[in-house]
Amino acid sequence: MDMIKTENLTKTYDGVNAVDGLELTVGKGEVYGFIGPNGAGKTTTIGMMVGLIEPSAGKCFVRDVDVTRNPLEAKRITGYLPDGVGFYGNLTARQNLKYFSRFYAMKDADADKRIGELIGYVGLGKVEKPVGSYSRGMKQRLGLAQALLNDPEVVFLDEPTNGLDPQGVVQFRNIIKDISKQGKTIFFSSHILEEVRHVCNTIGIISKGKLIAHGTPDEVRKKMSKSEGVTIVVKVIGDMPRLTDPRILQATYNNGSAILQASEDIRDSISDELYHKSFRIRELRVEERSLEEIFLESVYRGD
Ligand SMILES: Nc1ncnc2c1ncn2[C@@H]1O[C@H](COP(=O)(O)OP(=O)(O)OP(=O)(O)O)[C@@H](O)[C@H]1O
């Protein structure tokens, strides 16, 4: 079952599409990493998904609820951690959450019970000091508790690990993994691919308001590598001869080796050519590029 679905979702500011015909679906229990550089349209997309920004065109559904038509029902099943969540600095975590619980019309006793559980869950159970003196990691974990107050089915997290130290990132990731095990669907935005690939089973890459790739981290790597061509490393015994396959787009030769950029995997042809020229091959492999390298090349190229 799709828990998030967008159809041609578009937001135009001053004649420019900040989000441009976005089509995506997120299944139940998925942790979806929504990745893109600053200004790509992540916050605007999430704003439309949680009913805070009105789309210029298109639709967005959370579970089967049309967010624009039925915003209150959408909010009931949605949790949201905004980028730069704000709390009352002079109140404790418990007092802050109690304040937020009023927006959900929770009964006092239910709210107190839920707040107690959540504060323990995000590792703030023993902290009694006011939130103003919290570290950024603590504030983000409190933000997560706030996003979970209404026991939502879908949780939207806008750049939740931004500015956290490595330990804070790991703590946050572990909580996210745990929430997903409870069957909740998580939509997690970030401009750092490395931070989400450990927790997300699906990623979508957004650039200039458009989804340019979507799938499991491995699928995205393969798909985007294909459009970039293949890097092949070849080493021979003796001096490396010039290779003639016309599918070689670029080549760097170095004594006994070459690094080739080819339009496709041409290892068979290279092997034949070297064999006919009586060279012995020491190494012939396709270089797998990391997801991060592919992301940076495809998203920032030409900027
Ligand atoms: N209220 C607004 N009025 C005009 N332009 C806007 C508004 N909100 C966003 N934009 C523009 O829309 C584009 C997308 O912005 P958005 O904040 O959604 O990107 P983002 O991917 O979340 O980036 P960041 O990580 O920097 O927040 C940007 O060019 C931004 O300047």
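Anything mentioned here points back to the structure above.
Per chain, residues are indexed from 1 in the order of the written sequence. In keeping with the model being predicted, local features are shown solely for residues with a pLDDT of at least 70 and side-chain atom pairs are shown and tallied solely at 80 or more, while totals for entire chains, interfaces and linings include all residues. Only hydrogens and water are set aside; all other atoms, that is, all heavy atoms of the structure, feed into the side-chain values.

Visitor: I tried to follow the nonpolar core on my own but got confused; where do I start?
Guide: A general trend in soluble globular proteins is that nonpolar side chains are found buried together. Grouping buried Ala, Val, Leu, Ile, Met, Phe, Trp, Tyr and Cys residues that are joined through side-chain atoms within 4.5 Å yields what is termed a nonpolar core. For each residue, the accessible area found with a 1.4 Å probe, counting protein chains only, is set against the maximum for its type, and the residue is called buried under 20%, exposed over 50%, and partly exposed in between. Of all hydrophobic cores here, the largest spans 44 residues; its most connected members are Leu124, Tyr134, Leu142, Leu157 and Ile186. Broken down by element, the residue count for this core peaks at six residues, all from helix 5 (residues 136-148). In what follows, a contact means two residues having at least one pair of non-hydrogen atoms within 4.5 Å. Filtering out sequence-adjacent residues up to four positions away, Leu142 remains in contact with Phe87, Ala93, Leu97, Leu124, Val131 and Tyr134. Counting residues in hydrophobic clusters, the runner-up holds 24 residues, among them Met3, Leu24, Phe34 and Ala40. In this text, helices come from DSSP runs of H or I with a minimum length of four residues, and strands from runs of E with a minimum of two, each type numbered from the N-terminal end.

Visitor: Teacher, can you tell me more about the packing of helix 3 (residues 93-101) against helix 4 (residues 108-121) here?
Guide: Two quantities define a packed helix pair, namely the angle between the axes and the distance from one axis to the other. Helix axes use the C-alpha atoms of the stretch in contact, all axes being lines fitted to C-alpha atoms, and the angles between their N-to-C directions lie in the range 0 to 180 degrees. Orientation of helix 3 relative to helix 4, taken along the N-to-C sense of each, is 135°, at an axis distance of 10 Å. Between helix 3 and helix 4, the angle falls in the class oblique. At the point where helix 3 passes helix 4, the crossing takes the right-handed sense. Between helix 3 and helix 4, the contacting residues are Ala93, Arg94, Leu97, Lys98 and Ser101 on the first element and Asp108, Ala111, Asp112, Ile115, Gly116 and Ile119 on the second. The classification used treats Ala, Val, Leu, Ile, Met, Phe, Trp, Tyr, Cys and Pro as nonpolar, Asp, Glu, Lys and Arg as charged, and all other residues, Gly among them, as polar. Of the residues assigned to the contact of helix 3 with helix 4, the class counts are five nonpolar, two polar and four charged. The scheme is simple: roughly parallel for angles under 35 degrees, roughly antiparallel for over 145, roughly perpendicular for 65 to 115, oblique for anything else. When the near helix sits turned anticlockwise from the far one by under a right angle, the crossing is termed left-handed; a clockwise turn instead gives a right-handed crossing.

Visitor: What is the right way to read the site of the ligand from this model?
Guide: Around the ligand, the neighbouring residues are Tyr13, Ala18, Pro37, Asn38, Gly39, Ala40, Gly41, Lys42, Thr43, Thr44 and Glu159. Here a polar contact means two N or O atoms within 3.5 Å. Within protein one must be a hydrogen donor candidate and the other an acceptor candidate, and residues neighboring in sequence count only if both atoms are side-chain atoms. In this structure, Ala40 approaches the ligand through a main-chain N or O atom, which is 3.0 Å from an oxygen atom. Note that an oxygen atom of the ligand is positioned 3.3 Å from one of the side-chain N or O atoms of Glu159. Reported accessibility uses the Shrake-Rupley method at a 1.4 Å probe radius. Residues are deemed covered only where the shown protein chains occlude them. Contact with the protein chains covers 58% of the free accessible surface of the ligand, which is 640 Å². A total of three residues in the shell around the ligand trace back to one element, the largest contributor, which is helix 1 (residues 42-49). When the residues that make up the shell around the ligand are grouped by side-chain class, the tally is four nonpolar, five polar and two charged. Consider each residue's heavy atoms; a residue with any of them within 4 Å of a molecule or strand counts as near.

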